[in-house]
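One letter stands for each residue in the lines below.
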Amino acid sequence: MIGDKKVLFSGMQATGNLTLGNYLGALKNWVSLSDEYECFYSVVDMHSITIRQDPATLRKRARALLTLYIAAGLDPEKNCIYYQSHVSGHAELAWILNCFTYMGELNRMTQFKDKAAKHADNINAGLFTYPVLMAADILLYQADVVPVGIDQMQHLELTRDLAQRFNGIYGDVFTIPEAYIGKVGAKIMSLQDPSKKMSKSDENPNGSIYLMDDPDTIRRKCKRAVTDSLGEFRYSDEQPGLHNLIDIFCACTNRTPEDVVAEFSGSGYGQFKEAVGEAVVSVLDPLQKRVAELEKDKSYIDSVIKNNAEKANYYAQKTLRKVQKKVGFPEKIR
Ligand code: TRP
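What counts and what doesn't
- Residues numbered from 1 in each chain as written.
- Predicted model: local features only at pLDDT ≥ 70, side-chain atom pairs only at ≥ 80, totals over all residues.
- Heavy atoms only, no water.
- Helix = DSSP H or I, 4+ residues; strand = E, 2+ residues; numbered from the N terminus.
- Buried < 20%, exposed > 50% of the residue type's maximum accessible area, 1.4 Å probe, protein only.
- Areas by Shrake-Rupley, 256 points an atom, 1.4 Å probe, with all protein chains shown as cover.
- Lys, Arg positive; Asp, Glu negative; His and termini not counted.
- Charge placed at Lys NZ, Arg CZ, Asp CG, Glu CD.
- Near = heavy atom within 4 Å.
- Polar contact = N/O pair within 3.5 Å; in protein donor to acceptor, adjacent residues only side chain to side chain.
- Axes fitted to C-alpha atoms, helices over the stretch in contact; angles between N-to-C directions.
- Parallel < 35°, antiparallel > 145°, perpendicular 65-115°, else oblique.
- Left-handed = near helix turned anticlockwise from the far one by under 90°.
- Contact = heavy atoms within 4.5 Å.
- Nonpolar A, V, L, I, M, F, W, Y, C, P; charged D, E, K, R; others polar.
- Patch = residues over 30% accessible without salt bridge, like charges linked within 9 Å, V, L, I, M, F, W, Y side chains within 5 Å.
- Salt bridge = Lys/Arg side-chain N within 4 Å of Asp/Glu carboxyl O.
- Core = buried A, V, L, I, M, F, W, Y, C linked by side-chain atoms within 4.5 Å.
- Phe/Tyr/Trp six-rings, centres within 6.5 Å; stacked < 30°, edge-to-face > 60°.
- Arc of directions from axis to C-beta.

Chemist: Hey, could you run me through the overall build of the chain in this one?
Modeler: For the chain, the count of helices and strands is 13 helices and five strands. Taken along the three principal axes of its C-alpha coordinates, the chain extends 75 × 45 × 40 Å. Relative to its full complement of 334 residues, the chain shows a buried share of 50%. About 16,300 Å² of surface is accessible on the chain, with carbon and sulfur atoms providing 52% of the total. The averaged location of the 42 negative side-chain charges in the chain is 5 Å from the averaged location of its 41 positive side-chain charges.

Chemist: Is there a simple way to explain the site of the ligand in this structure?
Modeler: Taken together, 13 residues lie around the ligand, and Phe9, Tyr130, Met134, Asp137 and Gln152 are the ones closest in. A distance of 2.7 Å separates a nitrogen atom of the ligand from a polar side-chain atom of Tyr130. One of the side-chain nitrogen or oxygen atoms of Asp137 is found 2.6 Å away from a nitrogen atom of the ligand. Coverage of the ligand by the protein amounts to 89% of the 370 Å² it exposes when considered alone. Those elements that place two or more of their residues in the shell around the ligand are β1 (6-12) and α7 (125-140).

Chemist: Can you help me understand the packing of helix α4 (residues 89-98) against helix α13 (residues 298-327) in this one?
Modeler: When two helices pack together, you describe them by how their axes are tilted relative to each other and by the distance separating the axes. One way to put it is that α4 packs onto α13 with a least axis distance of 10 Å and a crossing angle of 30°. Relative to α13, the element α4 lies roughly parallel. Seen along the crossing, α4 lies across α13 with a hand that is left-handed. Residue-level inspection shows Gly89, Glu92, Leu93 and Ile96 of α4 in contact with α13, the latter providing Gln317, Leu320, Val323, Gln324 and Val327. Of the residues belonging to the contact of α4 with α13, the class tally is five nonpolar, three polar and one charged.

Chemist: Explanation requested: a positive patch on the surface in the structure shown.
Modeler: On the surface, a cluster of positive charge is contributed by Lys318, Arg321, Lys322, Lys325, Lys326, Lys332 and Arg334. Among the secondary structure elements, Lys326 is positioned in helix α13. On the accessibility criterion, Lys326 (38% relative accessible area) is partly exposed.

Chemist: I tried to follow the nonpolar core on my own but got confused; where do I start?
Modeler: Most often, soluble globular proteins keep nonpolar side chains buried together rather than apart. Core analysis: the biggest nonpolar cluster contains 63 residues, and Leu27, Trp30, Tyr69, Phe272, Val280 and Leu284 have the highest contact counts within it. Broken down by element, this core gets its largest block of residues, twelve residues, from helix α12 (residues 269-296). Once you skip the residues sitting within four places of it in the chain, Tyr69 turns out to touch Gly11, Met12, Leu27, Trp30, Tyr41, Ser42, Val43, Leu74 and Ile81.

Chemist: Before we go on, may I ask you to explain the side chain of Ser236 in this structure?
Modeler: Structurally, Ser236 can be placed in the loop between α9 (215-223) and α10 (240-253). We classify Ser236 as buried; its relative accessible area is 12%. Separated by 2.9 Å, the side chain of Ser236 and the backbone nitrogen of Glu238 make a polar contact.

Chemist: Mind showing me how you'd approach the side chain of Glu38 here?
Modeler: Assignment of secondary structure puts Glu38 in strand β2 (residues 37-43). At a separation of 3.4 Å, a polar atom in the side chain of Glu38 contacts the side chain of Lys311.

Chemist: I tried to follow the packing of aromatic side chains on my own but got confused; where do I start?
Modeler: What characterises a pair of aromatic rings is the spacing of the ring centres plus the angle enclosed by the ring planes. Applying the stated criterion across every chain, the model contains 19 aromatic pairs. Ring centres 5.9 Å apart and planes at 80° place the aromatic pair Phe40 and Tyr315 in the edge-to-face group. Within this pair, whereas Phe40 is found in strand β2, its partner Tyr315 is found in helix α13, the two being separated by 275 residues in sequence. The class of Phe40 is buried, set by a relative accessible area of 0%. Members of the aromatic cluster, joined through ring pairs, are Phe9, Phe40, Tyr82, Tyr141, Tyr314 and Tyr315.

Chemist: Looking at this model, I keep getting lost on the environment of Pro55. Mind explaining?
Modeler: By the element assignment, Pro55 lies in helix α3 (residues 55-71). Judged by its relative accessible area of 52%, Pro55 falls in the exposed class. Linking Pro55 and Ile2, residues 53 residues apart in sequence, is a C-alpha distance of 35 Å.

Chemist: Can you walk me through helix α11 (residues 257-264) in this structure?
Modeler: What sets the pattern is the α-helix's 3.6 residues per turn: residues three or four places apart point alike. Taken residue by residue, α11 has Pro257, Val260, Val261 and Phe264 as its buried positions. Projected down its long axis, α11 shows its buried positions confined to an angular sector of 100°, all on one face. The exposed set on the far side of α11, more than 90 degrees from its buried face, consists of Glu258 and Ala262.

Chemist: Where do I start with α9 in this structure?
Modeler: Considered for burial, the residues of α9 that qualify are Thr217, Ile218, Lys221 and Cys222. Looking down the long axis of α9, one finds its buried residues gathered within 130° of arc, a one-sided arrangement. Exposed residues pointing more than 90 degrees away from the buried face of α9 are listed as Asp216 and Lys223. For α9, the elements touching its buried residues are α12. Between the side-chain oxygen of the N-cap and the backbone nitrogen of Asp216 there are 3.1 Å, and the N-cap of α9 in question is Asp214.

Here it is in structure tokens:
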């Protein structure tokens, strides 16, 4: 708790181009949480280097992501928006937690296996202990809730196990975090293969709408979206392509599937795809304009970076001092 509010922590990586799925599924829904929770949203650049990055690109993308957080409506006075690498406590706590994590536990992590297979030429120790750094992120702020996708649930479970293990030995040090189950965001699938999640690492660029795609590109990708040959306008699992387009349309317009089916039941898929394109443009175009505006205001973004890193650091140090004392590190002489 901070004051009378529960603490919420989440992070995103600045690698790859963020997609409409990231926005509608996560970011957009974060905005409404800041009244209820004390929110920390980190740009987790330390996680990113588990895979080799071009330094200039990583730096640029990290800043773009931080700017996007603000453009999406996260007020940086109310939400702590910061770079993970600006708060050294993440690395310090991760080291300590490493010493409480079993090799066997990390060996079971499915994301490690996937990533190791994908990057067979660089299976580094950081990739292996990635979930421990993630646990440190969460526990450092004594987070009560963590909004995460299903792909990160295993890491959150590990975080809970580590916190419980540590508390079992040293007493109540860490808050045991829970997955945030609230108004869950829309799950957006690939436009080219609706059985797969829309992903920033998709090799087929037509499967994903990127947040920075221009209007014509958005329209074109929607027009080319895979549907089916049934020719019936229904919201059904048997028509996953159309189902996905309806989900996108609803998330962009705040309408319900029933309502949309009623309106478009007499129209062909082509006409609906056009409407989807316009709906997406009407969401992304203003978002892109806000990003462009913010990017011009370098000193404002810089001040957000500085002030929020200080705020994050304050809470991080509080936890870290407690933990260091528990494990037996000598007190600093001040
Ligand atoms: N591993 C997460 C992902 O790739 C990002 C992340 C890092 C995160 N630290 C976190 C998410 C802490 C939630 C909480 O999506």
